[in-house]
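Coordinates in review
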Amino acid sequence: MSLLISNVGSLVTNDPALGEGPLGLLSDAAVVVEGDRVAWVGRAGDAPAADETVDAAGRALLPGFVDSHSHLVFAGDRTAEFNARMSGRAYSAGGIRTTVAATRAASDAELNANLTRYLAEMLRQGTTTVEVKSGYGLSTADEARSLRIAAGHTEETTYLGAHVVGPEFAEDPAGYVDLVTGEMLEACAPFAKWVDVFCERGAFDGDQARAVLTAGMAKGLAPRVHANQLSFGPGVQLAVELGAASADHCTHLTDQDVAALADGDTVATLLPGAEFSTRAPYPDARRLVDAGARVALSTDCNPGSSFTSSMPFCIAVAVREMGMTPDEAVHAATAGGAQALRRTDVGRITPGARADLQLLDAPSHVHLAYRPGVPLTAAVWQGGARKGGVRTV
Ligand SMILES: [Zn+2]
């Protein structure tokens, strides 16, 4: 079966060879999907016939968002902590342990149901690729089951046994690193593509982070790093040195950190939901973009520090508060996320790419920032299949 989406007012291809600027923008465009792939992209008037036609009625068509950083295997929530924080208390990494207790106590079915619900929530807002981390189990059995459950939904699974030191090891952090790099890694590696570590005061220092990442790499996992979120530190430099796909947060950066990201292969993934939800200063996206670093935007969806599943929200904040142009923010939420996952088949609408598409109830992608908080997603296709749960075309 082939599908023609015609009368697209504004098409974001993310291929400069296909259209205008870095977004490869085409006006009065059309897209043909065959099976799970994009088969043709061009001017509406030149479009070949297809089995089925959808009239986009002049609206904007974009690649599905690629959310490259989330923590969606968990139980419980932290409403009380958020409420207290908004009444003046500072956020620290220790709150993670509250979710660890709830997650350990939950059944597999409960964790799976939660994950399914949050992924559906993301899909309704245009997100078609999601990375999911473990990190609320912090024991061999609970980390492994978190990843097993995540692997049932996405190929982008990340082992984050080194989220914080597990509660049983509060007095023996070195022993916990031994567990994370030994028995726990052994049990988790079969369900994980990536290895991650929270390199931060109160979590893991540079040497511990290096040990976690290199052990994971030796098991065939590719590295990504929670880096420089709450303070300056070694995370970004370590990520670049190890060739990590992504250094995530990048809120507190020295000039050397920025230069390393600009010169290296590592994407700077910015997570403005975390700063929003902790009333912290935002990362300076303008500085990174101007230096030549590649930037991704992601939700960091988690119950403690960023309980949003909305990429449009992150785009709006990045434009309003972090110095990004709407074009840059939309690129970071699509092609940028794909780069942060080292994927070339998503985050773009080009022949051969996966047919992950979103139609907006708006004439342009700029409306994602221009109309903050407004549900603009009109339709979503994932691998060429029209998904339910969104409004009709
Ligand atoms: Zn995170």
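Residues numbered from 1 in each chain as written. Predicted model: local features only at pLDDT ≥ 70, side-chain atom pairs only at ≥ 80, totals over all residues. Heavy atoms only, no water.

1. A few points about the packing of helix H5 (residues 173–181) against helix H7 (residues 206–218)
- One way to put it is that H5 packs onto H7 with a least axis distance of 9 Å and a crossing angle of 15°. Judged on the interaxial angle alone, H7 and H5 are roughly parallel. Two packed elements cross with a definite hand, and for H5 against H7 that hand is right-handed. Each of Pro173, Val177, Val180 and Thr181 in H5 lies in contact with H7, whose residues at this interface are Gln208, Ala211, Val212 and Ala215.
- Tallied by class, residues from the contact of H5 with H7 come to six nonpolar, two polar and no charged. (Axes fitted to C-alpha atoms, helices over the stretch in contact; angles between N-to-C directions. Helix = DSSP H or I, 4+ residues; strand = E, 2+ residues; numbered from the N terminus. Parallel < 35°, antiparallel > 145°, perpendicular 65-115°, else oblique. Left-handed = near helix turned anticlockwise from the far one by under 90°. Contact = heavy atoms within 4.5 Å. Nonpolar A, V, L, I, M, F, W, Y, C, P; charged D, E, K, R; others polar.)

2. Concerning the coordination of the zinc ion
- Every protein donor of the zinc ion is accounted for by His69 (NE2), His71 (NE2), His226 (NE2) and Asp300 (OD), and the metal-donor separations fall at 2.0 to 2.6 Å.
- Around the zinc ion sit four donor atoms, and with donor-metal-donor angles ranging over 79 to 167° the site reads as irregular.
- Each donor residue of the zinc ion belongs to the same chain, and together they define the spacing H-x1-H-x154-H-x73-D. One end of the pair, His69, is in the loop between strand S6 (65–67) and helix H1 (79–85); the other, Asp300, is in the loop between strand S15 (295–297) and helix H12 (311–321), with 231 residues separating them in the sequence. Asp300 matches His69 in its accessibility class, with the two residues each being buried. (Donors = N, O, S within 2.8 Å, 3.2 Å for Na, K, Ca; no water. Tetrahedral: all angles 85-135°; square planar, octahedral: opposite > 155°, others 65-115°. Buried < 20%, exposed > 50% of the residue type's maximum accessible area, 1.4 Å probe, protein only.)

3. A look at the packing of H12 against helix H13 (residues 326–340)
- Closest axis-to-axis distance for the H12/H13 pair is 9 Å, and the angle between their directions is 145°. Classified by chirality, the crossing of H13 by H12 is right-handed. Between H12 and H13, the residues in contact are Met311, Ile315, Ala318 and Val319 and Pro326, Ala329, Val330 and Ala333, respectively.
- For the contact of H12 with H13, the class distribution of residues is eight nonpolar, no polar and no charged.

Note that all results are geometric; they support no functional claim without further evidence.
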